[in-house]
Amino acid sequence: MEFQQFYLGCLAQGSYLVGDKPDTVASPASPASPASPASATSATSAASAAGAHGAAMGECAIVDPRRDVDLYIEAAAARGLVITHIIETHLHADFVSGHVELARRTGATIHIGHRAGASFPHVPAHDGDEIVLGRVVLRFLMTPGHTPESLCVLVLEGGAPVAVLTGDTLFIGDVGRPDLVSSKGFSAQQMAGMLYDSLRDKLAPLPDDVLVYPAHGAGSACGKNISKALSSTLGEQKALNWALQPMTREAFIERSTAGLPPSPPYFAHDAEQNRAGATPLSDLVAPPPLSPEAVQRAQAAGAFVLDVREKEAYGAGHVPGSLNIGLTGSFAPWAGTLLPLDAPLILVADGAGAVAEARMRLARVGLSDVAGFLDGGVTAWSSAQRPLTALPQLPVEALRARLAGDRALLVLDVRGPGEHEAGHVPGALNIPLPQLRERLAELDRSRPTAVVCQSAYRSSAACGLLERAGFRKLYNVAGGTQAWIAAGFETGRVETASS
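Let me sum up the structure you'll find in this document.

What counts and what doesn't
- Residues numbered from 1 in each chain as written.
- Predicted model: local features only at pLDDT ≥ 70, side-chain atom pairs only at ≥ 80, totals over all residues.
- Heavy atoms only, no water.
- Helix = DSSP H or I, 4+ residues; strand = E, 2+ residues; numbered from the N terminus.
- Rg over C-alpha atoms; globule rule 2.2 N^0.38 Å.
- Buried < 20%, exposed > 50% of the residue type's maximum accessible area, 1.4 Å probe, protein only.
- Contact = heavy atoms within 4.5 Å.
- Areas by Shrake-Rupley, 256 points an atom, 1.4 Å probe, with all protein chains shown as cover.
- Lys, Arg positive; Asp, Glu negative; His and termini not counted.
- Charge placed at Lys NZ, Arg CZ, Asp CG, Glu CD.
- 1 Å grid on protein atoms, 1.4 Å probe; cavity = no way out; pocket = protein on both sides within 12 Å on 5 of 7 lines; lining within 4 Å.
- Points joined across faces, edges and corners; volume = space filled by probe spheres on them.
- Nonpolar A, V, L, I, M, F, W, Y, C, P; charged D, E, K, R; others polar.
- Disulfide = S-S within 2.5 Å.
- Pairing = 2+ DSSP bridges.
- Axes fitted to C-alpha atoms, helices over the stretch in contact; angles between N-to-C directions.
- Phe/Tyr/Trp six-rings, centres within 6.5 Å; stacked < 30°, edge-to-face > 60°.
- Parallel < 35°, antiparallel > 145°, perpendicular 65-115°, else oblique.
- Left-handed = near helix turned anticlockwise from the far one by under 90°.
- Salt bridge = Lys/Arg side-chain N within 4 Å of Asp/Glu carboxyl O.

Let's shift gears to the overall build of the protein. For the protein, the count of helices and strands is 16 helices and 22 strands. Its C-alpha atoms give the protein a radius of gyration of 25 Å, near enough to 23 Å, the size a compact globule of 499 residues would have. Over its C-alpha atoms, taken along the principal directions, the protein stretches across nearly 80 × 55 × 40 Å. Per-residue burial for the protein yields a buried fraction of 54% across its 499 residues. Intrachain contacts of the protein at a sequence separation of at least 6 include 70% that bridge at least 24 residues. Carbon and sulfur atoms make up 54% of the accessible area of the protein, which amounts to about 19,900 Å² in all. Within the protein, one finds 39 positive and 49 negative side-chain charges whose respective centroids are separated by 6 Å.

This is how it looks when you write it as structure tokens:
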């Protein structure tokens, strides 16, 4: 068997290649591999590929591809494989998939759960359907719960189950959120009930030594407390994953729906793009260079300026009204969360490489309307006598000194509630970054405000949002809460019932 995991850290997203080695591919007429409709398609594609590339080519499937698909084509070619199938475990909400482009470039067949309502060419997957790739068989297990169409892919080699690709049904240490499709006619409680049944009826009966490969790792908003591990065994998950412990259906529903934060606004947008099939990246126009004058005109007409430089460079001077989301952090999820979905974007970056990287990562979360980039960056803006806005970077030592003598200074903590409860600057007001725009009324625009997160990445973005809302006395706390704690300063904590 040929197997490869592709993990994209920015999106905490896993995709997979699974297939059979060229020298073990069975003949389409082999009685050992009875032809289902899916395997017949596979055989036809493989036969065509073999004619073009030689008889030694094997077959593979790509599961949950991200939007930029070159790496799958290159990986398959390096292994002597032809991509004949593309499988979507569900309609992803947190990223835009490359299934349509990959199918167009390879001729592969797309498979997705029959409840997806997909409008692109595909084979609707039903429980028990199989794809035969030589001696490797991929069997679909319909596992609704995260979404109605969710499925897992059981990988069998020589007739024995060896791995299961669980999509967003089962993560390492957690399960997929059941609340992302409530607007489609299902409540979170109804979906959680389906998920309970899927875990116990379809996954729990599998052997303990079956390897588990999920579609997401730690940091994904598709779960609440996903492990940093990228794989496990089913036996380990039966022992350690809360969702597989003995409990009633009602208890599972209550726990899986409790404490869910609001889903990011781009999730519904991306799910619909995936339902229809996204425009191939190769069809997107490259963003053109824009003069400072053109940027200023576009901004006045409604374009949104996104500065992707490091927070220190942004703090030293930035285009007024621009928002800072640095490329070195969790750029794509925060861009999807904080940027408007219906406004053209203009990039401010250090060099053409950063522009290309930002454009790619924006497209991965469905933000494809990049109208251009500031030619020459902030240097060109300044040389054109355009004003720059500075954002002071306040070291934690200076923050502590200011707090001792300035009662007017507000410390605004934009981390999540759990992070804030575990340790924060004493007296800090907690408004999580995704909620900041909706909770501006709780803040005083005239009051000096020091914004803090864990490392100063999210707080820099928060300062940009506050600046756009009319706040002028802003400070970004350098090093964030981790620097405050590392310095040994007093730390506030919130006692919870479980602590």
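Glancing now at empty space enclosed by the protein. The gaps of empty space that remain are located by a probe, the size of a water molecule, rolled over the atoms. For the coordinates displayed, the defined rule picks out two cavities of 30 Å³ or more. Put simply, the largest cavity is a space of about 60 Å³. Lining the largest cavity are R309, E310, K311, N324, I325, G326, T328, Y457 and S460. Partitioned by chemical class, the residues of the lining of the largest cavity number two nonpolar, four polar and three charged. The computed volume of the second largest cavity comes to approximately 50 Å³.

Our next topic: the state of the cysteines. Following the criterion strictly, the structure yields zero disulfides and no others. In this structure C152 is a free cysteine whose sulfur lies 14 Å from that of C222, the closest cysteine sulfur available. With relative accessibility at 0%, the residue C152 sits in the buried group.

If you walk across this open sheet you meet the six strands as β7-β8-β9-β10-β11-β12, and the pairing is mixed. Every interior strand has two partners, whereas the edge strands, β7 (130-133) and β12 (232-233), have only one. Here β7 runs beside strand β8 (residues 136-142); their pairing, made up of four bridges, is antiparallel. Of the residues in β8, the one forming a bridge with L133 is V136. Contacting β8, β9 (151-157) and β10 (160-167), helix α4 (residues 188-203) crosses the sheet at an angle of about 145° to β8.

Applying the stated rule across the entire model yields eight aromatic pairs. Note on F6 and Y72: the rings are 5.0 Å apart at their centroids and 80° apart in plane angle, and the pair reads as edge-to-face. Separated by 66 residues along the polypeptide, F6 in strand β1 (residues 2-8) and Y72 in helix α2 (residues 70-78) bring together distant segments of the chain. Judged by relative accessible area, which is 7%, F6 ranks as buried. Among the aromatic residues, those joined into a cluster by ring pairs are F3, Y16 and Y213.

For A12, which is not glycine, the phi torsion reads 50° and is therefore positive. Along the chain, A12 falls in the loop between β1 and β2 (13-19). What makes A12 buried here is its relative accessible area of 2%. The backbone of A456 shows a phi angle near 90°, a positive value even though the residue is not glycine. With respect to the helices and strands, the residue A456 is situated in the loop between β21 (449-452) and α15 (457-468). Accessibility expressed as a relative area gives 0% for A456, which makes it buried.

Our focus in this paragraph is the packing of α2 against helix α3 (residues 99-106). Interhelical geometry of α2 versus α3 gives an angle of 45° and a closest axis separation of 10 Å. One finds that α2 runs oblique with respect to α3. Where α2 crosses over α3, the handedness of that crossing is right-handed. Here α2 contributes D70, Y72 and I73 to the contact with α3, which in turn contributes L102, R105 and T106. Grouping the amino acids of the contact of α2 with α3 by side-chain chemistry returns three nonpolar, one polar and two charged.

Okay, the pattern of salt bridges next. When the charged atoms of two side chains lie near each other, side chains of opposite charge can form a pair. Under the criterion given, the structure shown has 21 salt bridges. Of the charged contacts, one joins D127 and K202 as a salt bridge, the two residues approaching to 3.2 Å between their closest N and O atoms. One end of the pair, D127, is in the loop between β6 (123-125) and β7; the other, K202, is in helix α4, and 75 residues separate them in sequence. A residue is classified by how much of its surface remains accessible, and D127, at 43% relative accessible area, is partly exposed. Look at K202 and you get partly exposed, because its relative accessible area is 25%. The partner of R249 in a salt bridge is D197, with the nearest N and O atoms 2.9 Å apart. Remark: D197 occurs in helix α4 and R249 occurs in helix α6 (residues 249-257); sequence separation between them is 52 residues. Each member of the salt-bridge network shares a partner with another, and the members are R66, D68 and R364.

None of the figures reported here should be taken as evidence of function without further support.
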